[in-house]
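Read off the chains here:
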Amino acid sequence: MPPSMPEPRRVHARVAADPRKQSHWADSSISAVAAGFLAVLVSLAGPLTIFYQAAQAGQMSNDMFASWVFGIALGAAVAGIFLSWTLKAPVITAWSAPGTALLIPLFPSLSIHEAVGAYLTAALLLLVIGLSGGFERLMAYVPKGVASGMMAGILLPFGLNAFKGMGTLPLLVCGMLLAYLLFKRLLPRYSVVLLLVAGIAIAVLMGQIHFADVHLRLVTPQCITPAWSWTSTFSLALPLVLTTLSGQYLPGMAILRGAGYEVPVRKVVVVSSLASAATAFVGGITIAIAAITAALCTGRDAHEDPRRRYVAGIANGAFYLLAGLCGGSVVMLFAALPKELIVTLAGLALLGPIGVNLTQMVNAPDREAAVLTFLATASGMTFLGLGSAFWGILIGIVAHRVLRPVSTA
């Protein structure tokens, strides 16, 4: 678009209708559909690898993991399509990648039944927050630096693990690292997707992947009976709420508003929470507005006309639904990949969020409290049956209150 034709700064979602548009079909475009597809592909290439690691840590069967994939994909599909359709804005929803990372140190001591109970607790708490309009008030109570320190501590092990495959498959890891740098330089928007393709290509050339066992297989959802415990509530449910609010809703809403879409926070939180509760019984973790992939569908690459980009959100949901129904095939593909490829891909895909949270932590006015939160969370400590994310945020809040300057007024 020429400089003389600046993009509108604000697009009020409820007033986006244009008399020239006769239907959603008239608003559709190849670029918007492609943007929705790419956002799903990025999620499958990056955040889903973290989910797969959690399933391995929990010693889950392939059928159970396929059910998990179905749950998260169905929740993201329903919430994203409904919100994009009704708000006329590209509202991209997804599962919480930082929240998924909480599962890995908790499994296998935490049962899948307790995890589902924690999912339901988190969904209920987020629903209450959404209905009450307390999103901004709650996040104001948790210092931004402390929240960033906790998220950086959760994600740091994934970045470190990206290089551990050097000892077993050095050619694969070195090749993926070089490919990541090259794609980040030339095609940064598509770097994660291209990295997945490059990693698979290298592994195939090394004889580490055999696709003979990968075929089309529809998913059979597994119904999981929830169970509640204090350990799962404090170690998973409460940290999951906080990471979802700080790691998904805050940046996700910032991306939408930065692109000019003034969507109501309450409706987004309520719809996503209801989708989370409905899909929890088949293993679906918390659904929220996307932070990592949202930018793919809110910019000019989706469509020059910001009023027509909502189609990217609908397309994104449709492709999520397709991926969920073929969850069995997705599981087969992941099972065929070397563990080193999965771990390296997850670590490099999270490099951006790790850097952002470390920067916010270091630049926070309450840096000492943020660093304490980061170290306690990254340590992987457990105490009284509660995980490091809970203790990290608790230590950070206490440190913030104790170390803040005393007013002399």
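Residues numbered from 1 in each chain as written. Predicted model: local features only at pLDDT ≥ 70, side-chain atom pairs only at ≥ 80, totals over all residues. Heavy atoms only, no water.

**Looking at the overall build of the chain**
When helices and strands are tallied, the chain shows 20 helices and two strands. Here the chain, with 409 residues, has 56% of them falling under the buried criterion. Here the contacts in the chain between residues at least 6 apart in sequence split such that 85% fall between residues at least 24 apart. For the chain, the exposed area adds up to about 17600 Å²; of that, 69% sits on carbon and sulfur atoms. (Helix = DSSP H or I, 4+ residues; strand = E, 2+ residues; numbered from the N terminus. Buried < 20%, exposed > 50% of the residue type's maximum accessible area, 1.4 Å probe, protein only. Contact = heavy atoms within 4.5 Å. Areas by Shrake-Rupley, 256 points an atom, 1.4 Å probe, with all protein chains shown as cover.)

**Describing the packing of aromatic side chains**
Here the distance between the centres and the angle between the planes together describe a pair of aromatic rings. Within this structure, the stated rule accounts for four aromatic pairs. For the ring pair Phe37 and Phe319, a centre distance of 5.1 Å and an interplane angle of 70° mean the geometry is edge-to-face. Taken together, the residues Phe37 in helix H2 (residues 30–45) and Phe319 in helix H15 (residues 310–325) connect sequence positions 282 residues apart. Judged by relative accessible area, Phe37 falls into the partly exposed class, the value being 40%. (Phe/Tyr/Trp six-rings, centres within 6.5 Å; stacked < 30°, edge-to-face > 60°.)

**A look at the confidence of the model for the chain**
When pLDDT is averaged along the chain, the result is 81, and 87% of the positions lie at 70 or above. For the chain, helix H1 (residues 24–27) is the element with the lowest average pLDDT, namely 62, and helix H13 (residues 265–279) is the one with the highest, namely 93. Overall, residues 1–22 carries pLDDT values under 50, and its contacts beyond four positions in sequence, including any with other chains, amount to 39 contacts. (pLDDT = per-residue confidence, 0-100.)

**Comments concerning helix H19 (residues 367–378)**
Helix length check: H19 (12 residues) gives 16 Å between terminal C-alpha atoms against 16 Å at 1.5 Å per residue, within 8%. If you check which residues of H19 are buried, you get Ala369, Ala370, Thr373, Phe374, Ala376 and Thr377. Check the buried side of H19 and you find it contacts helix H9 (144–161), helix H18 (351–363) and helix H20 (388–403). Just past H19, the residue Gly380 takes up positive phi, approximately 75°. (Expected span 1.5 Å × (residues − 1).)

**A closer look at the environment of Val356**
Among the structural elements, Val356 can be located in helix H18. Judged by its relative accessible area of 45%, Val356 falls in the partly exposed class. Between the C-alpha atoms of Val356 and Ala152, which are 204 residues apart in sequence, the distance is 8.5 Å.

**Brief notes about a nonpolar patch on the surface**
A contiguous nonpolar surface patch, about 380 Å² in accessible area, is contributed by Leu182, Leu186, Leu187 and Tyr190. Mapping Leu187 onto the fold places it in the loop between helix H10 (170–186) and helix H11 (191–205). (Patch = residues over 30% accessible without salt bridge, like charges linked within 9 Å, V, L, I, M, F, W, Y side chains within 5 Å. Salt bridge = Lys/Arg side-chain N within 4 Å of Asp/Glu carboxyl O.)

**Remarks on the pattern of salt bridges**
Scanning the entire structure with this criterion turns up one salt bridge. Note that Asp305 and Arg307 form a salt bridge whose closest N and O atoms lie 3.3 Å from each other. For Arg307, a relative accessible area of 30% translates into the label partly exposed.

**Describing the packing of helix H3 (residues 47–57) against helix H4 (residues 62–87)**
Running from N to C, H3 and H4 cross one another at 145°; their axes reach a closest spacing of 10 Å. Here the hand of the crossing between H3 and H4 comes out right-handed. In this structure, H3 contributes Leu48, Phe51, Tyr52, Ala54 and Ala55 to the contact, and H4 contributes Phe65, Trp68, Val69 and Ile72. Classifying every residue of the contact of H3 with H4 by side-chain character gives nine nonpolar, no polar and no charged. (Axes fitted to C-alpha atoms, helices over the stretch in contact; angles between N-to-C directions. Left-handed = near helix turned anticlockwise from the far one by under 90°. Nonpolar A, V, L, I, M, F, W, Y, C, P; charged D, E, K, R; others polar.)

**Topic: the side chain of Thr233**
With respect to the helices and strands, Thr233 occurs in helix H12 (residues 230–258). Taking the relative accessible area as the measure of exposure, Thr233 reaches 16% and is therefore buried. Here Thr233 is in contact with Leu238 and Pro239, once residues within four sequence places are set aside.

**Focus on the nonpolar core**
One recurring pattern in soluble globular proteins: nonpolar side chains tend to sit buried together. Trp68, Tyr119, Leu236 and Val263 are the most contacted members of the largest nonpolar core, which has 111 residues in total. Top contributing element to this core by residue count: H4, with 11 residues. (Core = buried A, V, L, I, M, F, W, Y, C linked by side-chain atoms within 4.5 Å.)

**Digging into the packing of H10 against helix H17 (residues 339–349)**
For any two helices packed against each other, one specifies the crossing angle of their axes together with the interaxial distance. Their axes nearest at 10 Å, the elements H10 and H17 cross at an angle of 30°. The orientation of H10 with respect to H17, classified from their angle, is roughly parallel. You can see that H10 and H17 cross each other, and the crossing is right-handed. Seen from H10, the contacting residues are Leu172, Val173, Met176, Leu177 and Tyr180; seen from H17, they are Glu340, Leu341, Thr344, Leu345 and Leu348. Broken down by class, the residue content of the contact of H10 with H17 amounts to eight nonpolar, one polar and one charged. (Parallel < 35°, antiparallel > 145°, perpendicular 65-115°, else oblique.)

**Thoughts on unusual backbone geometry**
For the peptide bond that leads from Phe107 to Pro108, omega is 0°, which places it in the cis range. Within the element layout of this structure, Pro108 appears in the loop between helix H6 (103–106) and helix H7 (112–132). Here Gln59, not a glycine, exhibits a phi torsion of approximately 55°, which is positive. By the secondary structure assignment, Gln59 is in the loop between H3 and H4. Note on Gln59: relative accessible area 66%, which makes it exposed.

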